[in-house]
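Secondary and tertiary structure notes
In case you want the letters, here they are:
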Amino acid sequence: MPTFKLDNREIPFQPGDTIIRAAHRAGIDIPHYCWHPGLSVAANCRMCLVEVMPPPGRPALNLAVLAWDAEKQAYVDQKKPKLQPACQMTVTEGLDVRSDSSEHVERARSAVQELLLLNHPVDCPICDQAGECRLQDYWLEHQHAKKRMNDEPVHKPKAVVFGPTIVYDAERCIVCTRCVRFCDEVAKDPVLDVRQRGNLNEITVAPGRQLDHPYTLMTEYVCPVGALTATDFRFKARVWFLRSARTVCQGCATGCNAFLDYDPRNDTAYRHRPRENAAVNGYWMCDEGMLDYRRVHQYRVLKAKTGKEETTLSAALDRAADTLKGVSGENVAVVLSAQHSSEDNFAMARFARDVLGTTNVFLSGKPPGEGDSILRNADKNPNQRGMAGAAAGLPAKPIQDLPGLLESGQVKTVVALGADARDVPPPSLVPSSGLVVLATHAGTLTERATVLLPASSWAESDGTFVNAKGLAQESEQAFGPLGDSRPAWKLVAGLSVRLGKDLGFRKLADVRKAMTPEPPQSLRPIAPPSVGGAS
Amino acid sequence: MEPLDQDLDAAEIELPADPMIVNMGPAHPAMHGTVRTVVELTGETITKADVQVGYLHRGFEKMCERGTWTQVYPYVDRCNYISPMLNNVGFSLACEKMLGITVPERCQWYRMALGELARISDHLTCDGAMAMELGAFTPFLWMIKARDLIWDIMEEETGARLTHSFGRVGGMAAPPTDGFKETAKATVDQVLRVIDEVERLLLGNRIFLDRLEGVGLVSAEDAISLGWTGPCLRASGVPYDVRKAHPYLKYGDVEFEVPVGSTGDCFDRFMVRIEEIKQSARIVQQCCERMADSGPVNVDDPRVVLPSKEEVYKTIEGTIRHFKIVMEGLKIPAGEVYSYTEAGNGELGFYLVSDGSGTPYRVRIRPPCFLVTSGLERVITGQMVADVVPCFGSLNMIGGECDR
């Protein structure tokens, strides 16, 4: 691989790379605002200026400038090298680039930073970006001085509603145009643009339009400062109190890699952020997925119930075991769920085969929704393929076939994972001798359950999810189970013990060990890709 | 040690032939500080002693690992709480050594002046308590009265009499008050008058001298091998003082003597502290004369020192600077450092490890009186049981510093 020199370090590059991209790949951060690895180059923030040394034997490209001489108390003629934007300049073999080691570059960065803060409001205490703001980070690293302007800053509109999800603050904006380019290039809906010039310019929405395409929250995500804020996250939490878990989005079958940001002090999830993965979602996520984190707390089943009465988890498990004791194989049916992890489904399938001795296995999931060619999949289940893999070897049938068996009286008892049986007319789905439901969220089945067992969500347990491409991805636990809930595989294991046919699942590792030899290659968990600072 | 609550048969009590075991502390009136000393007696002579420390252990070093560097100050205050300012200064110097910064001259004089005042208060307390425990209540009251004058200055300067939390990395929490120099100079004069009176009360007193002279002897070799520093080491005749041997701040530029003892008994330890009060008074006078009336106290480094409130509220740069230092903590470059200063009881060392983040990775303290207290066993073995009181008093064990 060809190399070039950055601060006297040899850096490999691929032909066509810009300086900043080659450095980014080598793990070196050249300070920047407007450049984003997933967007086109704008080169308008000038923060990434670097000094490119002339070829040996050639004079440097110098600019004549006036510099203030403190001794003479006058401006004097001076020369300084012409700096180049690292985000735009293509690397060539042997190029000698100075970044941190050039005093001209340091001075330029300090000047750019001073310019960007000239009209910046004193908003850090009320700004959601505080704590993850480039202006803050770079001020300390590159400027750390006061600005020289004493005039009143230019005032611009604040808290402008761009759409249902985004609020814009023009005073905080540095007009890097990342949001404009994102809408143009990734969301393919050029709804944002820049108006005015100089220190009066600001981002604006196309007349008669709102920022309302399916990827609006990404504009907030790419914003390096606090100009764009999400209505959903505004004033909800301070980022330095949040911790991140590497999860997989549960919104659809794409399986976008995400960070679930949560507050460890009260086990509350606050937001999703995309986690860079070139094989799945690149740098992005859709609004639906970004807001999907809310399901960690919404419509949750957190208490065990027998009939309509709340009870303890162990009492409910005892009752469920009573219901299932002595049922014969053909009279009982087991429902798997594409909303649950492969481990949960696998434990359930094993429960059907080894404990209940039945082959009546049905597959359930959410009904299809809207999809597009960017990220969103019409299949709104995160683990359709993982569920199918877990049922491998069993004659699994779609959930639509279950009512027929119930009506004919062949199936008298049902054990269901998940509560998504929306295609089935509810009244027809009442098994005569019992319905045991292991559910995370309230749904059609939870209301009819004779025994309801609360199952944990993806935020509360590790789990594997297989996306539409067949890629098995591990989702990391953020915090412990909420309420009385437990991971579904653990509930299944508890039932198996009570029924006297122990499946031997004590830890998640036991389930995974049992899964490994049997399921297809695609079901095996792979380590999540390394975390890259996406911008 | 044998069990302390042994059940003796009534028959044995008639002619007790076994050595008697006596518990001094952890809550004994003559033990200022919670430390337990179990002594084995033959008659009134101590044949064996077991000093057990740790009653005031609070996990100081571990606590330091969860806040910012600045948030360590309240903890170091509570190490040697008789002279907390010396701990503040010592910790500041350790952090600054790692950062490679030096505070402005005005701050150096200010730190020295406050530090020496703290040393005076430390020695006044130790010698006063020692006299009181031997029955001389008046000198104690007079010395504590003098200490209160010093604490008045501390209160005026820092807002707190005891735990000041006044040091900062790169400077001090506030510049000297307008009247600091005059008050400090006048106060040390008053303290010296008290010392003079105390000397006249005690040094001609046969009982007092008999209880101290030749009691609790420690040779120079023993003191060194025990790791002793400070007044206890100097009382044994070793003229080691960090301020002279490895001058920091402006100690190289001021005139003062290092008093040493000759025999290393309790009396020498008492007298070394009395003499050191006089030397500290000299240093305070010189600091007050040489400290500028105006000029910066804190270094001009926005990565380390907080901006003024005016700046924080009115400019974005000030807000960012404040935010970064408060929320993330000032960043000290990755590495490790050992920095040591002369505190009230001797060499106070800080061994710091930084991983480059805003939170200390490790804060290890070398508490001088932990090592001094470790010698108590040797000092009192072979002495009379009544000698435990002056011996222990002369070592000036401070629970907070010893047990951490």
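Since we're looking at a predicted model, the values are computed, not measured.

1. Thoughts on the overall build of chain B
Secondary structure summary: chain B contains 18 helices and eight strands in total. Taking 2.2 N^0.38 as the reference for a compact globule, 404 residues should give roughly 22 Å; the C-alpha atoms of chain B span a radius of gyration of 23 Å, in line with that estimate. Seen through its C-alpha atoms, chain B measures out along the principal axes to roughly 85 × 45 × 35 Å. With 404 residues in all, chain B has 50% of them scored as buried.

2. So, the overall build of chain A
Helices and strands together make up the secondary structure of chain A, namely 13 helices and 25 strands. With respect to the three principal axes, the spread of C-alpha positions in chain A is 100 × 50 × 40 Å. Expressed as a percentage of the 535 residues in chain A, the buried residues total 47%. Partitioning the contacts of chain A with sequence separation of at least 6, the portion at a separation of at least 24 is 67%.

3. With respect to the sheet that holds strand β8 (residues 160-161) of chain A
Residues and elements named next belong to chain A. In space, the three strands of this open sheet follow the order β8-β9-β12, with antiparallel pairing throughout. Whereas interior strands pair on both sides, the edge strands pair on one side only; in this sheet they are β8 and β12 (228-230). Of the strand pairs in this sheet, strand β9 (residues 166-168) and β12 are connected by three bridges, and their pairing is antiparallel. Among the inter-strand pairings, Tyr168 is bridged to a residue of β12, identified as Leu228.

4. Thoughts on the nonpolar core
In this structure, B:Cys95, B:Ala113 and B:Leu117 are the most contacted members of the largest nonpolar core, which totals 109 residues. Excluding its chain neighbours within four sequence positions, the residues that come into contact with B:Leu117 are B:Ile150, B:Ile153, B:Ala184 and B:Val284.

5. Details of the interface of chain B and chain A
Often, the extent of an interface is quoted as the loss of accessible area on bringing the components together. The interface of chain B with chain A comprises eleven residues on the first partner and 14 residues on the second. With seven residues, helix α14 (residues 316-328) of chain B is the largest single contributor of residues to the side of chain B that touches chain A. Its residues assigned to classes, the side of chain B that touches chain A comprises five nonpolar, two polar and four charged.

6. A short note on the packing of helix α5 (residues 105-133) of chain B against helix α17 (residues 388-395) of chain B
For any two helices packed against each other, the geometry comes down to the angle between their axes and how far apart the axes lie. Residues and elements named next belong to chain B. Look at α5 against α17: their axes get within 9 Å of each other, and the N-to-C directions meet at 175 degrees. Accordingly, the angle class assigned to the pair α5 and α17 is roughly antiparallel. Residues Ala129, Met130 and Glu133 of α5 lie in contact with α17, whose contacting residues are Val389, Pro390, Gly393 and Ser394. A class-by-class count of the residues in the contact of α5 with α17 yields four nonpolar, two polar and one charged.

7. Notes on unusual backbone geometry
In the Ramachandran plot, A:Arg46 falls in the positive-phi region, its phi being about 65 degrees despite a non-glycine side chain. Following the sequence through the fold, A:Arg46 ends up in the loop between α1 (19-25) and β3 (49-52). The backbone of B:Asn396 shows a phi angle near 55 degrees, a positive value even though the residue is not glycine. Relative to the assigned elements, B:Asn396 resides in the loop between α17 and α18 (399-403). Look at B:Asn396 and you get buried, because 30 C-beta atoms sit within 10 Å.

8. Thoughts on the sheet that holds strand β6 (residues 335-343) of chain B
Think of a sheet as strands paired side by side through backbone hydrogen bonds, with each pair either parallel or antiparallel. Residues and elements named next belong to chain B. What the three strands build is an open sheet, ordered β6-β7-β8; its pairing is antiparallel. Among the strands making up the open sheet, the edge pair consists of β6 and β8 (362-366). Adjacent strand axes in the sheet meet at a mean angle of 15 degrees, parallel and antiparallel pairs treated alike. In this structure, strand β7 (residues 346-354) lies alongside β8, joined through five bridges in antiparallel fashion. When the sheet's bridge partners are listed, Tyr351 is paired in β8 with Arg364. Sitting on the sheet, helix α4 (residues 84-99) is in contact with β6 and β7, with an inclination near 150 degrees to β6.

9. A short note on the environment of B:Ala220
All names here are of chain B. Among the structural elements, Ala220 can be located in helix α9 (residues 220-225). The exposure class assigned to Ala220 is partly exposed, which follows from the 17 C-beta atoms found within 10 Å. With 69 residues separating them in the primary sequence, Ala220 and Trp151 have C-alpha atoms 34 Å apart. Look past the residues within four positions of Ala220 in its chain and what remains in contact with it is Ser236, Gly237, Val238 and Gly264.

10. Some thoughts on the packing of helix α8 (residues 342-356) of chain A against helix α13 (residues 508-515) of chain A
Residue and element names in this part refer to chain A. It is at 10 Å that the axes of α8 and α13 come closest, and there the two elements cross at 70 degrees. Classified by the angle between their axes, α8 and α13 sit roughly perpendicular to one another. On the side of α8, the interface is formed by Glu343, Phe346, Ala347 and Arg350, while α13 contributes Leu508, Val511, Arg512, Ala514 and Met515. Across the contact of α8 with α13, the residue classes tally to six nonpolar, no polar and three charged.

11. Structural notes on the pairing of strand β4 (residues 62-69) of chain A
Residues and elements named next belong to chain A. With zero of eight residues buried, β4 lies mostly on the surface of the structure. The pairing of β4 with strand β5 (residues 74-81) spans eight bridges and is antiparallel. Residue pairing in the sheet places Ala64 in a bridge with Lys79 of β5. Turn length for the β4-β5 hairpin, with the two strands adjacent in sequence and antiparallel, is four residues, and the turn residue Gln73 shows positive phi of about 55 degrees.

12. Quick notes on the environment of A:Asp344
Residue and element names in this part refer to chain A. Examined against the element boundaries, Asp344 turns out to sit in helix α8. Exposure remark for Asp344: the 33 C-beta atoms within 10 Å place this residue in the buried category. In sequence terms Asp344 and Leu417 are 73 residues apart; their C-alpha atoms lie 8.3 Å from each other. Those residues in contact with Asp344 that sit more than four places away from it in its chain are Leu417, Pro487, Ala488 and Trp489.

13. Looking at helix α2 (residues 103-116) of chain A
Because an α-helix completes one turn every 3.6 residues, residues spaced three or four positions apart along the sequence face the same direction. All names here are of chain A. Counted at 1.5 Å a residue, the expected span for α2 with its 14 residues is 20 Å, and the 20 Å between its end C-alpha atoms agrees. Among all positions of α2, only Val105, Ala108, Arg109, Val112, Gln113 and Leu116 are buried. In a view along the axis of α2, the buried residues occupy a sector of 135 degrees, so they form one face of it. Looking at the packing, one finds that the buried side of α2 touches β3, β7 (96-98) and α3 (134-143).

14. Re the confidence of the model for chain B
Residue-level pLDDT values for chain B average 88, and 94% of them are 70 or greater. Of the two predicted TM-score estimates for the complex, the pTM is 0.81 and the ipTM is 0.78.

15. Thoughts on helix α7 (residues 313-324) of chain A
Residues and elements named next belong to chain A. Compared with the 16 Å implied by 1.5 Å per residue over twelve residues, the 16 Å span of α7 between its first and last C-alpha is a close match. Regarding α7, the residues found buried are Ala316, Leu317, Arg319, Ala320, Thr323 and Leu324. Projected onto a plane normal to the axis of α7, the buried residues spread over an arc of 160 degrees and lie on a single side. Positive backbone phi, at 80 degrees, marks Gly326, one or two positions downstream of α7.

16. Details of the environment of A:Cys252
Residue and element names in this part refer to chain A. Locating Cys252 in the fold gives a position in the loop between β13 (243-248) and β14 (257-263). By the C-beta count within 10 Å, which is 27 here, Cys252 ends up buried. Remark: the alpha-carbon pair of Cys252 and Leu49, spanning 203 residues in sequence, is separated by 41 Å. Setting aside residues up to four positions removed in sequence, Cys252 forms contacts with Arg376, Asn377, Asp379 and Lys380.

Parameters at a glance
- Residues numbered from 1 in each chain as written.
- Chains lettered and ligands numbered in written order.
- Predicted model: local features only at pLDDT ≥ 70, side-chain atom pairs only at ≥ 80, totals over all residues.
- Helix = DSSP H or I, 4+ residues; strand = E, 2+ residues; numbered from the N terminus.
- Rg over C-alpha atoms; globule rule 2.2 N^0.38 Å.
- Buried ≥ 20, exposed ≤ 12 C-beta atoms within 10 Å, placed from the backbone.
- Contact = placed C-beta atoms within 7 Å.
- Pairing = 2+ DSSP bridges.
- Core = buried A, V, L, I, M, F, W, Y, C linked by C-beta atoms within 7 Å.
- Nonpolar A, V, L, I, M, F, W, Y, C, P; charged D, E, K, R; others polar.
- Axes fitted to C-alpha atoms, helices over the stretch in contact; angles between N-to-C directions.
- Parallel < 35°, antiparallel > 145°, perpendicular 65-115°, else oblique.
- Expected span 1.5 Å × (residues − 1).
- Arc of directions from axis to C-beta.
- pLDDT = per-residue confidence, 0-100.

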